[in-house]
Amino acid sequence: MINIDGELKKYGKSHKVPISLDDTLDFLIKTINNSNSKQILEIGTAIGYSAITIAENTDCANIDSLEIDSERYNLAKENVAKHNLTEKITLYNLDALEYIKNTDKIYDFIYLDGPKGQYINYLPYLIKILKIGGIIFADNLYFHGMVTGKIPVSKGCRAMIKGLHKYIDEINSNPSLDTKIYDIGDGIGVSKRIK
Ligand SMILES: C[S@@+](CC[C@H](N)C(=O)[O-])C[C@H]1O[C@@H](n2cnc3c(N)ncnc32)[C@H](O)[C@@H]1O
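Residues numbered from 1 in each chain as written. Predicted model: local features only at pLDDT ≥ 70, side-chain atom pairs only at ≥ 80, totals over all residues. Heavy atoms only, no water.

J.: Residues and numbers for the pairing of strand E5 (residues 130–138), please.
T.: Here five bridges tie strand E4 (residues 107–112) to E5, and the two strands are oriented parallel to one another. Along E5, the bridge assignment pairs Ile110 with Ile136. Taking the sense of rotation as the criterion, the β-α-β connection linking E4, helix H6 (residues 119–128) and E5 turns out right-handed. Note: E5 against strand E7 (residues 188–193), four bridges, orientation antiparallel. Residue pairing in the sheet places Ala138 in a bridge with Gly189 of E7. (Pairing = 2+ DSSP bridges. Helix = DSSP H or I, 4+ residues; strand = E, 2+ residues; numbered from the N terminus. Right-handed = clockwise from strand over helix to strand, strands pointing away.)

Written out as structure tokens, the structure is:
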């Protein structure tokens, strides 16, 4: 059983801030621990719930986490400080694309939980900043069943769902990646960089 902050989870739910599901977090922690990943990048901090959960349940050395929304970024900063994790978690208030295009850091593990329609556009940059043997863990690949056809795609979600289909096709066919898609939470893609 992983250690989670019930208060943060409650805040996320009551303020309609999207946060990772329990079984997603459980699988995320197991995947980080089994791969012995130390340098972690998270795309989509929200209020810091998943970054704090990773920091408190793994032996990772550092988590860089990116959030475009200033209000959420500020809340995440407060939450990280409350948990005494400022040494381990570095927060950035920016558009993730700007960071991944320009950073020269190399990561062991990327938790992709930002704008779903952008996953496909992020992928070439993510592969570049991932070490060989490293993992991209992408959440919400089913998007509540709209990707799998379980529920109809609502009008406002069409472009995003199209983007998610493209992302799934690409991770399944890209020769640099070895991918498995798991029927856990809202659908999770685990892609290992093999070359
Ligand atoms: C699903 S939430 C992240 C939840 C978080 N990982 C957790 O479980 O606690 C996705 C977040 O990505 C942020 N986001 C959306 N577009 C972004 C972008 N272009 N760059 C960085 N963050 C972005 C949203 O503001 C939102 O807070």
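J.: Could you give me a rundown of the site of the ligand, with the residues and numbers involved?
T.: Ser20, Gly44, Glu67, Arg72 and Asp113 are the nearest of the 21 residues found near the ligand. Between the ligand and the protein, one listed contact pairs a nitrogen atom with a side-chain N or O atom of Glu42 at 3.3 Å. About the coverage of the ligand: the protein hides 88% of its 600 Å² of free accessible area. Among the detected pockets, the ligand sits in the largest pocket. If you list the elements that add at least two residues to the shell around the ligand, you get helix H3 (49–57) and strand E2 (62–67). Of the residues assigned to the shell around the ligand, the class counts are 10 nonpolar, five polar and six charged. (Near = heavy atom within 4 Å. Polar contact = N/O pair within 3.5 Å; in protein donor to acceptor, adjacent residues only side chain to side chain. Areas by Shrake-Rupley, 256 points an atom, 1.4 Å probe, with all protein chains shown as cover. 1 Å grid on protein atoms, 1.4 Å probe; cavity = no way out; pocket = protein on both sides within 12 Å on 5 of 7 lines; lining within 4 Å. Sits in = over half its atoms within 2 Å of the grid points. Nonpolar A, V, L, I, M, F, W, Y, C, P; charged D, E, K, R; others polar.)

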